[in-house]
Amino acid sequence: MLSVELHCHSELSFDGRDPVDLLLAQAEAVGLDALAITDHDEIDASLAAADRAADYGLIGIPGSEVTSAAGHVLALGISERVPAGLSFGETLAAIRDQGGIAVVPHPFQRSRSGVAPHITRAELATADAIEIYNSRLLTGRSNRHAERFARANDLPMTAGSDAHIAEMVGQAVTKVDAAERTVSGVLDGVTAGRTEVIGKRTPWRISLRQASGGVKRRIRSRVTGLFG
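Residues numbered from 1 in each chain as written. Predicted model: local features only at pLDDT ≥ 70, side-chain atom pairs only at ≥ 80, totals over all residues. Heavy atoms only, no water.

> Teacher, can you tell me more about the overall build of the chain here?
Looking only at helices and strands, one finds 7 helices and 9 strands in the chain. A burial count over the chain gives 54% of its 228 residues as buried. Counting every atom, the chain has about 10000 Å² of accessible surface; 51% of that belongs to carbon and sulfur. (Helix = DSSP H or I, 4+ residues; strand = E, 2+ residues; numbered from the N terminus. Buried < 20%, exposed > 50% of the residue type's maximum accessible area, 1.4 Å probe, protein only. Areas by Shrake-Rupley, 256 points an atom, 1.4 Å probe, with all protein chains shown as cover.)

> How do you make sense of the pattern of salt bridges when you look at a structure like this?
Oppositely charged side chains may form a pair once their charged atoms are brought near each other. What the rule picks out here adds up to 6 salt bridges. One salt bridge in this structure joins Arg-52 and Asp-21, with 2.6 Å as the shortest N-O distance. With a gap of 31 residues between them, Arg-52 in helix α2 (residues 44-52) and Asp-21 in helix α1 (residues 20-29) connect regions that are remote in the sequence. We note a salt bridge from Arg-96 to Asp-128, for which the minimum N-O separation is 3.1 Å. With Arg-96 in helix α3 (residues 88-97) and Asp-128 in the loop between α4 (121-124) and β6 (129-134), the pair connects residues that are 32 residues apart, well separated along the chain. Exposure remark for Arg-96: the relative accessible area of 37% places this residue in the partly exposed category. (Salt bridge = Lys/Arg side-chain N within 4 Å of Asp/Glu carboxyl O.)

> I'm lost on the sheet that holds strand β4 (residues 72-76) in this one. Help?
Either a parallel or an antiparallel arrangement is found when strands of a sheet pair, and the pairing is made through backbone hydrogen bonds. One open sheet accounts for 9 strands, arranged β7-β6-β5-β4-β3-β2-β1-β8-β9; its pairing is mixed. Strand pairing shows two members of the sheet lacking a second neighbour, β7 (157-160) and β9 (195-199), which therefore form its edges. With direction set aside, neighbouring strand axes in the sheet form an average angle of 30°. By the bridge criterion, 4 bridges tie β6 to β7 in an arrangement that is parallel. Looking at the pairing, Ile-130 lines up with Met-157 of β7. Contacting β1 (2-8) and β2 (34-37), α1 runs over the sheet at an angle of about 150° to β2. Together, β2 and β3 (59-67) form the strand contacts of α2, whose direction differs from that of β3 by roughly 170°. (Pairing = 2+ DSSP bridges. Axes fitted to C-alpha atoms, helices over the stretch in contact; angles between N-to-C directions. Contact = heavy atoms within 4.5 Å.)

What follows is the structure, encoded as structure tokens:
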């Protein structure tokens, strides 16, 4: 079984902080086997991480957290950026056209762009997998809802730290029974449902730091746009 982080962010995300090498070093330090950096509607940092991952003894999975018209979708195993703003179905199709898989993160958390409030349950069930444990939880209710949905629809289940700072990488891990130690081996194991989920809540102090960092970066971006 490989220990895999499928959902984290670098400084390329508007609400992220740390560079690629710091995330890779943290993944190595906590004993992960594979890492997917999934920046918001960006892919350059993830591609760079995939190129450097072997230097840290890791499998680097290229990916992105795509903002569909319905909400967020993790695109894993892609090589090019998937455009934001497509419908949920179009987003899944664009991911699969690149040979990637579509994992829906925090689907029932409206406040964090979960897709469930904006699509039918039948549409949600067309995803390749559902993230049933997201470390940045408040009460855990949304995670439990996601797990019930995944089990009821016989969908593969994953976890993600949703880390926006390096020290939180590995808070939530997807254990994958992969036939081989490669990107395709990991993703095939996920889509086949050969996964186990292990997760810990992100400490409140860290969640607050992550949130405040995102707000500051959004303000700086707006100011730059106005006066740049």
